[in-house]
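A look at the structure
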Amino acid sequence: MAHAKVMVVDDDREIAELIRDYLEAEQFEVILCGDGRECVRMFRECRPQLLVLDIMLPGLDGMEVCRTIRAESNIPIIMLSAKQSEVDKILGLGLGADDYVVKPFSPGEVVARVKAQLRRYRHLSAPDGRAESLRFGDLDIDPKAYMVRRRGRIVPLTTKEFEVLRFLAQHPNQALSRQQIYDHVWGFHEYGDLNTVTIHVKKIREKIEDDPANPRYIKTVWGIGYRFEGDGT
C-alpha cells in the first residue's frame, strides 16, 4: 500500500514542521500549509488522505475549512486546538471532524492519532458483508455511498452523523450504550467525551425525524443510551 499523503495546516511554522518531521519519519508524505483559503485550494489540487487542521488560521478559520472540505470529502480530519472550549464549540457545531488534539501536545501523539484514523478509514471504506443498503420505512441508508435518503430525498449528514446512524441501524431494536457508540465510531474512548454522542444523535434526529422531540427511529433508552427502531414505528 502506498504511503498516505497528509496535509498539515497550521500558521505556526515551527509546530507544522515538527509534526511534518515526525510524520515523515514514519514514511508519510506531508504537505504543509499555513492559510485557510490556500488549504482549500491545495486540498482540491493535492487530494491528501488525511488532514491535520489548526482552528486558528488566517484567511479562513479551521472551522470553515473543515465545513468546506467535509462537504466534498469524507477523509479523516484531526483538528488542533489551543483551548478545550474550542473543541466544545466544534462538537456543538457538528462540523464532522474525526478527532481533536488540544495544544500543547506530543508530536508522537499526533502521529498515533493519524495512524489510527487512517486504519479506521481504510477499514470502513473496505467492502464487507454488511455493505448492503439498510431500509426502514421511508429511510434508506447506503453504507457504500455514505448516503441517506428519506422519502427519496438525500439527507445531508456529516461523516460522523452517518456512522452513528449506520451503527445504530445495523443493530435494530437493540439498546446500545453511548460508550459502545463512541468506541465504535470514534475509537478513542480514553480521550472521549460521551456528550459527543448525545450531540450527534440530536443532530441526526433533526435531519431524519418529522418530530425530533418524539422520534420515530432513534429512541432514547434512559440510563443506557439509544435504540434504533427497526420497524420505524
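Residues numbered from 1 in each chain as written. Predicted model: local features only at pLDDT ≥ 70, side-chain atom pairs only at ≥ 80, totals over all residues. Heavy atoms only, no water.

Description of the pattern of salt bridges
- This model, assessed by the stated rule, comprises 23 salt bridges.
- Residues Glu-229 and Arg-227 are paired through a salt bridge, measuring 2.8 Å at the closest nitrogen-oxygen approach.
- With a relative accessible area of 26%, Arg-227 lands in the partly exposed category.
- Connected via shared salt-bridge partners are Asp-138, Arg-150, Arg-151, Asp-210 and Arg-216. (Salt bridge = Lys/Arg side-chain N within 4 Å of Asp/Glu carboxyl O. Buried < 20%, exposed > 50% of the residue type's maximum accessible area, 1.4 Å probe, protein only.)

Concerning the nonpolar core
- Grouped together as the largest cluster of nonpolar side chains are 26 residues, with contacts concentrated most on Leu-165, Ile-181, Ile-218 and Phe-228.
- No other element matches helix H6 (residues 159–169), which puts 6 residues into this core.
- Apart from the residues lying within four places of it in its own chain, the contact partners of Ile-181 are Val-164, Phe-167, Leu-168, Leu-176, Trp-186, Val-197 and Tyr-226.
- Counting 24 residues, the second-largest nonpolar core is a separate cluster that includes Ile-55, Leu-60, Ile-75 and Met-79. (Core = buried A, V, L, I, M, F, W, Y, C linked by side-chain atoms within 4.5 Å. Helix = DSSP H or I, 4+ residues; strand = E, 2+ residues; numbered from the N terminus. Contact = heavy atoms within 4.5 Å.)

With respect to the environment of Phe-43
- For Phe-43, the location among the structural elements is in helix H2 (residues 36–46).
- Residue Phe-43 is classed as buried on the basis of its relative accessible area, which comes to 1%.
- Taking the C-alpha atoms as reference points, Phe-43 and Cys-33, 10 residues apart in sequence, are found 9.9 Å from one another.
- The contact partners of Phe-43, leaving out residues within four places of it in the chain, are Met-7, Pro-48, Ile-69, Glu-72, Ser-73 and Ile-75.

Looking at the packing of aromatic side chains
- Tallied over the entire structure, the rule returns 3 aromatic pairs.
- On the basis of an interplanar angle of 70° and a centroid distance of 4.8 Å, the ring pair of Phe-136 and Phe-228 is categorised as edge-to-face. Highlighted residues: Phe-136 in strand S6 (residues 134–136) and Phe-228 in strand S12 (residues 225–228), separated in sequence by 92 residues. Here Phe-136 and Phe-228 have matching classes, each one buried.
- Aromatic side chains Tyr-146 and Phe-162 sit 4.7 Å apart centroid to centroid with 25° between the ring planes, which places their arrangement in the stacked category. (Phe/Tyr/Trp six-rings, centres within 6.5 Å; stacked < 30°, edge-to-face > 60°.)

Describing the confidence of the model for the chain
- Model confidence for the chain is summarised by a mean pLDDT of 85, while 88% of its residues fall at 70 or above.
- By mean pLDDT, the top-scoring element of the chain is strand S1 (residues 5–9) (96), and the lowest-scoring one is helix H4 (residues 84–93) (64). (pLDDT = per-residue confidence, 0-100.)

Description of the sheet that holds S12
- Within the open sheet, the 3 strands sit side by side as S10-S12-S11. Their pairing is antiparallel. Since the sheet does not close on itself, it has two edges, and those belong to strand S10 (175–177) and strand S11 (218–221), each with one partner. Going from strand to strand, the sheet's axes swing by 35° on average, the running direction of each strand aside.
- Here H6 sits on the sheet in contact with S10, S11 and S12, set at roughly 65° to S12.
- Of the strands in this sheet, S10 and S12 touch helix H7 (residues 178–185), which is tilted by about 70° from S10. (Pairing = 2+ DSSP bridges. Axes fitted to C-alpha atoms, helices over the stretch in contact; angles between N-to-C directions.)

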